[in-house]
Amino acid sequence: KRLAPAALVARIGAGYDDWMGRLAAACASRAVQLELAPAAGIGPAHSGAAHDHDHVHELSEETDPHFWLSPPRAIRALPAIAKALSQADPRGRAGYESRAASTALDLLALDAELAARLAPLRGAAFVSAHPAFTHFAARYGLVQAASVEPVPGREPSPRALASLIHLARDHRLRVIFTEPQFPEAAARMIARDAGLGVTLVDPIGGVDGRNTYEELLRFNAAAFLAGLGTKS
């Protein structure tokens, strides 16, 4: 009911939320669909590597759609958002452009704050629930060494779990980060067998304490500081 009369739909793209296109078609929506990933410099993932669960993958900044976890990437998407809103509502153009510019300044300040807080962790490695923190790790000097579910919704095979446990031991990793959107069973088994701590991070938010973009990024920064052994 909300989508059918919409003039504009903003979505991530790059394979992250392809269901939105199918949903729009199903309800005969004429909304313009704005994909933000290309504006942030993100292309489609390579399907072959993404679906091989028995190996540890090299995660790519060019294909990870979770670009919003890096403020500089989010800033890159702002002009596309302002342009699309202006085309849908030409009379509001000046306001959209002004707010995009002020938001960019706010995000630059947030980025500087997070960089200063996370500076002591540079080079620290971790295992994630799924490869959502590629951009966050790259921006703040962390190493996302591996993930439990390289493809969301598909549980890792026993061989993949064993490989993760060996990797954690061999590289003396200290923590595995779980997420509210993913089952914890596999992560906790790896943590138990490899002697890792378990800490919650959240790539999406939308709950008390991490409802806004700034709250979400600060929550994750605090979680990385706590999980990797440095007080915020």
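See above for the structure.
Summarised in this report is the structure supplied together with it.

Conventions and cut-offs
- Residue indices begin from 1 for each chain and proceed along its sequence in written order.
- Where local features are concerned, this predicted model is filtered to residues with pLDDT of at least 70; where side-chain atom pairs are given and counted, the filter is 80 or more; whole-chain, interface and lining totals use all residues.
- The side-chain values count all of the structure's non-hydrogen atoms but skip hydrogen atoms and water molecules.
- Side-chain atoms within 4.5 Å link the members of a nonpolar core, which is a set of buried Ala, Val, Leu, Ile, Met, Phe, Trp, Tyr and Cys residues.
- Burial status follows relative accessibility: with a 1.4 Å probe on protein chains alone, a residue under 20% of its type maximum counts as buried, one over 50% as exposed, and anything between as partly exposed.
- Put simply, DSSP H or I for four residues or longer makes a helix, DSSP E for two residues or longer makes a strand, and each gets a number counted from the N terminus.
- By definition in these notes, contact holds between two residues if any of their heavy atoms fall within 4.5 Å.
- Two N or O atoms form a polar contact when they lie within 3.5 Å of each other; inside protein one atom must be a possible hydrogen donor and the other a possible acceptor, and for residues adjacent in sequence the pair counts only when both atoms belong to side chains.
- For helices, the fitted line uses only the C-alpha atoms of the stretch in contact; every axis is such a line through C-alpha atoms, and the angle between N-to-C directions lies from 0 to 180 degrees.
- Here the angle decides the label: under 35 degrees means roughly parallel, over 145 means roughly antiparallel, 65 to 115 means roughly perpendicular, and every other value means oblique.
- Charged means Asp, Glu, Lys or Arg here, nonpolar means Ala, Val, Leu, Ile, Met, Phe, Trp, Tyr, Cys or Pro, and polar covers whatever is left, Gly included.
- Lining residues are those with an atom within 4 Å of a point, where the points come from a 1 Å grid over the protein atoms alone and group into cavities, where a 1.4 Å probe fits but cannot get out, or pockets, open sets with protein on both sides within 12 Å along at least five of seven lines.
- Grid points are joined across faces, edges and corners, and a volume is the space filled by probe spheres set on the points.

1. Some details on the nonpolar core
Piece 1. Ranked by internal contacts, the top residues of the largest apolar core, which has 41 residues, are Phe126, Phe136 and Phe224.
Piece 2. For this core, the secondary structure elements donating two or more residues are helix H2 (36-39), helix H4 (71-88), helix H5 (93-118), helix H6 (134-139), strand S5 (175-178) and helix H9 (213-227).
Piece 3. Per element, the largest residue contribution to this core is seven residues, and it comes from H5.
Piece 4. Discounting residues that sit within four places of it in the chain, Phe136 has contacts with Leu69, Leu118, Leu142, Leu217, Asn220, Ala221 and Phe224.
Piece 5. Counting 15 residues, the second-largest nonpolar core is a separate cluster that includes Leu164, Ile165, Ile176 and Ala191.

2. Describing the side chain of Gln144
Piece 1. By the secondary structure assignment, Gln144 is in strand S4 (residues 143-147).
Piece 2. One polar contact links the side chain of Gln144 to the main-chain amide nitrogen of Phe133, over a distance of 3.2 Å.

3. Thoughts on the packing of H5 against H9
Piece 1. Between H5 and H9, whose axes approach to 10 Å, the crossing angle comes to 10 degrees. When the axis of H5 is compared with that of H9, the two are roughly parallel. Residue-level contacts link Leu107, Leu110, Glu113, Leu114, Arg117 and Leu118 of H5 to Tyr213, Glu214, Leu217, Arg218, Ala221, Ala222, Phe224 and Leu225 of H9.
Piece 2. In the contact of H5 with H9, the residues fall into 10 nonpolar, no polar and four charged.

4. Focus on the layout of surface pockets
Piece 1. Put simply, the second largest pocket is a space of about 340 Å³.
Piece 2. Residue lining of the second largest pocket: 18 residues in total, with Phe67, Trp68, Ala74, Ile81 and Tyr213 positioned closest to the centre.
Piece 3. Sort the elements by how many residues they give to the lining of the second largest pocket and H4 lands first, with four residues.
Piece 4. For the lining of the second largest pocket, the class distribution of residues is 12 nonpolar, five polar and one charged.

5. As for unusual backbone geometry
Backbone geometry follows two general trends: most residues other than glycine have a negative phi, and most peptide bonds adopt the trans configuration.
Piece 1. At Ala28, a residue that is not glycine, the phi angle is positive and equals roughly 55 degrees.
Piece 2. Summarising the element assignment, Ala28 is placed in the loop between helix H1 (19-26) and strand S2 (32-35).
Piece 3. By relative accessible area, Ala28 is classed as exposed at 58%.

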